[in-house]
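Breakdown of the fold
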Amino acid sequence: YKLSVSPEMDIMEYCRKEWRGNTPVAKRMRKGYEAVAQKFASIRRIRGDNYCAFRATLFQALSQAAQLPNWLQSEDLTMLPENLLNKYDWIKQWQLKRKPGKKTGEISDEIKEYLILLRKKWKNISEIKDPIEKQEACDKLFKNEEEEYSLYEALKFLMLNTAIELYNDDKNGRRVPVFSWLLFARDTSSNPCQLMHNHLNHIGHTGGLEQVEMFLLAYALQYTIQVYRLYKYSTDEFITLYPNDPEEDWPVVTLITEDDRHYNIPVRMCQETML
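No experiment lies behind these values; they were computed from the predicted model shown.

Taking strand neighbours across the sheet as the criterion, the six strands line up as β1-β2-β6-β5-β3-β4 in an open arrangement whose pairing is mixed. Bordering the open sheet on either side are β1 (9-10) and β4 (239-242), each of which pairs with just one other strand. By the bridge criterion, four bridges tie strand β3 (residues 224-229) to β4 in an arrangement that is antiparallel. Opposite Val-227, over in β4, you have Thr-240 as the bridge partner.

Set out below in structure tokens:
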């Protein structure tokens, strides 16, 4: 039994424990943590198993959710797996967690269940007004492995749907965000089918999210993901926003990374800070 999200700990205490030496890297990390500590008092460690970007982002989004996002309220949401499978035969090769080679009907039913679960959990948590109770509900959800991993499958499928929309928009001459070109400029993902086979199917199994996929996650959730990238301290990229030109009405979640591979979360804002 592993904790998905560890209890909170003072940021600077955590930093002193992790980065003791006097190497340039350790000094830079300490400076980075000091900067984060200007805004946040504590840190919560996120379990690292190739799902940590999903886990950190979703945990933060649910922790501060005051309402159900519009896209989650949409009637079409639950029809999405069936509709996409009818249009794109290759989605039959979608890799469900620990369930390779399921029949098509089952894939669509199963993903539909995951999307319904995501809506239900988000709705229930967003309706809790008391911050302590809300936090307890989040902690409880992220201790339930079965549910937690089902939610990540839902997020992955939403990313695929977003990628298909962006790809089609670009093909039809509509304006797309720059990251979308980068996403499909990779040899391994020149179209949504390759993206699924070579990237999305592997997330959580053999790899985590790459930088360009963080943009895709942000677009799928319609959230701005603000990341303190500690190894980039004292450069322009120390605080990176996904997307870098966010929509004004998108809520913001904040994560911390030391290496762009593993993500933790800062909690307890010291003062109201504006983006």
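In an α-helix there are 3.6 residues to a turn, and that puts residues three or four apart on one side. The end-to-end C-alpha distance of helix α2 (residues 24-37), which contains 14 residues, comes to 20 Å, matching closely the 20 Å that a straight helix rising 1.5 Å per residue would cover. Listing the buried residues of α2 in full gives Ala-26, Met-29, Arg-30, Gly-32, Tyr-33 and Val-36. All buried residues of α2 project into a common sector of 160 degrees when viewed along the axis, lining one side. Buried residues belonging to α2 abut α1 (11-18), β2 (40-44), β3, β5 (252-257) and β6 (263-269).

Turning next to the nonpolar core. With 74 residues, the main nonpolar core has Ile-91, Trp-94, Leu-118 and Trp-122 as its most contacted residues. Top contributing element to this core by residue count: helix α8 (residues 145-171), with twelve residues. Other than its neighbours up to four places away in sequence, Ile-91 contacts Leu-84, Leu-85, Ile-107, Phe-157, Leu-160, Ile-164 and Met-196.

With that out of the way, let us pick up the packing of helix α5 (residues 80-87) against α8. In the contact formed by α5 and α8, the axes pass within 11 Å of each other and the chain directions differ by 50 degrees. When the axes of α5 and α8 are compared, the pair comes out oblique. Between α5 and α8 lies a crossing of left-handed hand. Here Leu-80, Pro-81 and Leu-84 of α5 lie close against α8, whose contacting residues are Phe-157, Leu-158, Asn-161 and Ile-164. Partitioning the contact of α5 with α8 into residue classes produces six nonpolar, one polar and no charged.

Turning our attention to the UniProt feature "site: Linear diubiquitin binding" (unreviewed entry) in the chain. UniProt feature "site: Linear diubiquitin binding" (unreviewed entry): in the numbering of this structure it lies at Glu-237. Structurally, the position occupied by Glu-237 is in the loop between β3 and β4. The exposure class of Glu-237 is partly exposed, given its relative accessible area of 38%. Those residues within four positions of Glu-237 in sequence are excluded, and the remaining contacts are Arg-229 and Lys-232.

Another aspect to go through is the pattern of salt bridges. Applying the stated criterion to the full structure yields 18 salt bridges. The salt bridge involving Asp-139 is made with Arg-44; its shortest N-O contact spans 2.9 Å. Here Arg-44 lies in strand β2 and Asp-139 lies in helix α7 (residues 131-141), a separation of 95 residues in the sequence. Glu-210 is the partner of Arg-186 in a salt bridge, and the nearest nitrogen-oxygen pair spans 2.9 Å. You can see Arg-186 sitting in the loop between α9 (178-185) and α10 (192-198) and its partner Glu-210 sitting in the loop between α10 and α11 (211-221), a full 24 residues away along the chain. Accessibility expressed as a relative area gives 14% for Arg-186, which makes it buried. On the basis of relative accessible area, Glu-210 is assigned to the partly exposed category, the value being 40%. The network of salt bridges with common partners includes Arg-47, Asp-49, Arg-55, Glu-145 and Glu-148.

Scoring rules and cut-offs
- Residues numbered from 1 in each chain as written.
- Predicted model: local features only at pLDDT ≥ 70, side-chain atom pairs only at ≥ 80, totals over all residues.
- Heavy atoms only, no water.
- Pairing = 2+ DSSP bridges.
- Helix = DSSP H or I, 4+ residues; strand = E, 2+ residues; numbered from the N terminus.
- Expected span 1.5 Å × (residues − 1).
- Buried < 20%, exposed > 50% of the residue type's maximum accessible area, 1.4 Å probe, protein only.
- Arc of directions from axis to C-beta.
- Contact = heavy atoms within 4.5 Å.
- Core = buried A, V, L, I, M, F, W, Y, C linked by side-chain atoms within 4.5 Å.
- Axes fitted to C-alpha atoms, helices over the stretch in contact; angles between N-to-C directions.
- Parallel < 35°, antiparallel > 145°, perpendicular 65-115°, else oblique.
- Left-handed = near helix turned anticlockwise from the far one by under 90°.
- Nonpolar A, V, L, I, M, F, W, Y, C, P; charged D, E, K, R; others polar.
- UniProt positions renumbered as here; feature names shortened; annotations may be inferred.
- Salt bridge = Lys/Arg side-chain N within 4 Å of Asp/Glu carboxyl O.

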